[in-house]
Amino acid sequence: MTALDRIAAIQVEMANDQHPSPAQVRDFEMALCGLLGQLAKDATLAEIEFKRVIAASRVGAKSIAEAKVVAEAQPAYGTYRLAAMHHEQCLEMVRTCRNFGRSLSEEMRLGR
């Protein structure tokens, strides 16, 4: 199972379960935090590769803006954008789990 498959599975589980337990939310958060490091690494490597493409595009370009437009037409740009999007998606899911966990804790505290 890839990192993206795992994120998607967690999203489906969270959407389908109307009342997840704090333990489930904590498990989701821990799984997502585990994926976050790899996704950050992938995003960084993709960004470095895209920057290399921009640098190579500057050789024949008249301006930096033209070089960037040429570089954005390359597959490295798509890879970079996808990697950044996946990292951001995982980070947002971690935030969601944390907020949901806080909400559950507050509900339990008020219910006492």
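Up top is the structure these notes are about.
What comes next concerns the included structure. (Residues numbered from 1 in each chain as written. Predicted model: local features only at pLDDT ≥ 70, side-chain atom pairs only at ≥ 80, totals over all residues. Heavy atoms only, no water.)

**Considering helix α1 (residues 3–16)**
Each α-helix winds once per 3.6 residues, and so residues spaced three or four apart point in a common direction.
So, step 1. In a regular helix each residue adds 1.5 Å, so 14 residues correspond to 20 Å; α1 covers 20 Å between its end C-alpha atoms and thus fits that length.
So, step 2. All of the buried residues along α1 are Ile7, Ile10 and Met14. Relative to the axis of α1, the buried residues are bounded by an arc of 60 degrees and lie together on one face. Exposed positions of α1 whose direction lies more than 90 degrees from the buried face are Ala15 and Asn16.
So, step 3. Looking at the buried side of α1, the elements it contacts are α2 (22–57) and α4 (75–111). (Helix = DSSP H or I, 4+ residues; strand = E, 2+ residues; numbered from the N terminus. Expected span 1.5 Å × (residues − 1). Buried < 20%, exposed > 50% of the residue type's maximum accessible area, 1.4 Å probe, protein only. Arc of directions from axis to C-beta. Contact = heavy atoms within 4.5 Å.)

**Here we look at the nonpolar core**
So, step 1. Core analysis: the biggest nonpolar cluster contains 14 residues, and Ile7, Ile10, Met14, Leu32, Cys90, Met93 and Cys97 have the highest contact counts within it.
So, step 2. The leading source of residues in this core is α2, at six residues.
So, step 3. Setting aside chain neighbours within four positions, we find Met93 in contact with Ile7, Ile10, Gln11, Met14 and Leu32.
So, step 4. Ala43, Val53, Ile54 and Ala83 belong to the second largest nonpolar core, which has nine residues in total. (Core = buried A, V, L, I, M, F, W, Y, C linked by side-chain atoms within 4.5 Å.)

**Regarding the packing of α2 against helix α3 (residues 64–72)**
So, step 1. Across the interface, α2 lies against α3 with an axial gap of 8 Å and an inter-helix angle of 125 degrees. Of the possible angle classes, the one that applies to α2 and α3 is oblique. Seen from above, α2 lies across α3 with right-handed handedness. Of α3, the residues touching α2 (which contributes Phe50, Val53, Ile54 and Ser57) are Ala67, Val70, Ala71 and Glu72.
So, step 2. Split into classes, the residues belonging to the contact of α2 with α3 amount to six nonpolar, one polar and one charged. (Axes fitted to C-alpha atoms, helices over the stretch in contact; angles between N-to-C directions. Parallel < 35°, antiparallel > 145°, perpendicular 65-115°, else oblique. Left-handed = near helix turned anticlockwise from the far one by under 90°. Nonpolar A, V, L, I, M, F, W, Y, C, P; charged D, E, K, R; others polar.)

**Some points on the pattern of salt bridges**
So, step 1. All told, the structure shown has seven salt bridges when counted by the stated rule.
So, step 2. Residue Arg6 pairs with Glu13 through a salt bridge whose shortest N-O separation is 3.9 Å.
So, step 3. For Arg6, a relative accessible area of 27% puts it in the partly exposed group.
So, step 4. The partner of Arg52 in a salt bridge is Glu49, and the shortest N-O contact between them spans 3.5 Å. (Salt bridge = Lys/Arg side-chain N within 4 Å of Asp/Glu carboxyl O.)

**Some words on the environment of Val25**
So, step 1. Along the polypeptide, Val25 turns up in helix α2.
So, step 2. Taking C-alpha positions, Val25 is 6.3 Å from Gly101, a pair spaced 76 residues apart along the chain.
So, step 3. If we skip the residues at most four places from it in the chain, Val25 touches Pro20, Cys97, Phe100, Gly101 and Leu104.

**Quick look at the side chain of Glu29**
So, step 1. Positionally, Glu29 belongs in helix α2.
So, step 2. Residue class for Glu29 comes out buried when judged on its relative accessible area of 18%.
So, step 3. Apart from the residues lying within four places of it in its own chain, the contact partners of Glu29 are Val94, Cys97 and Arg98.

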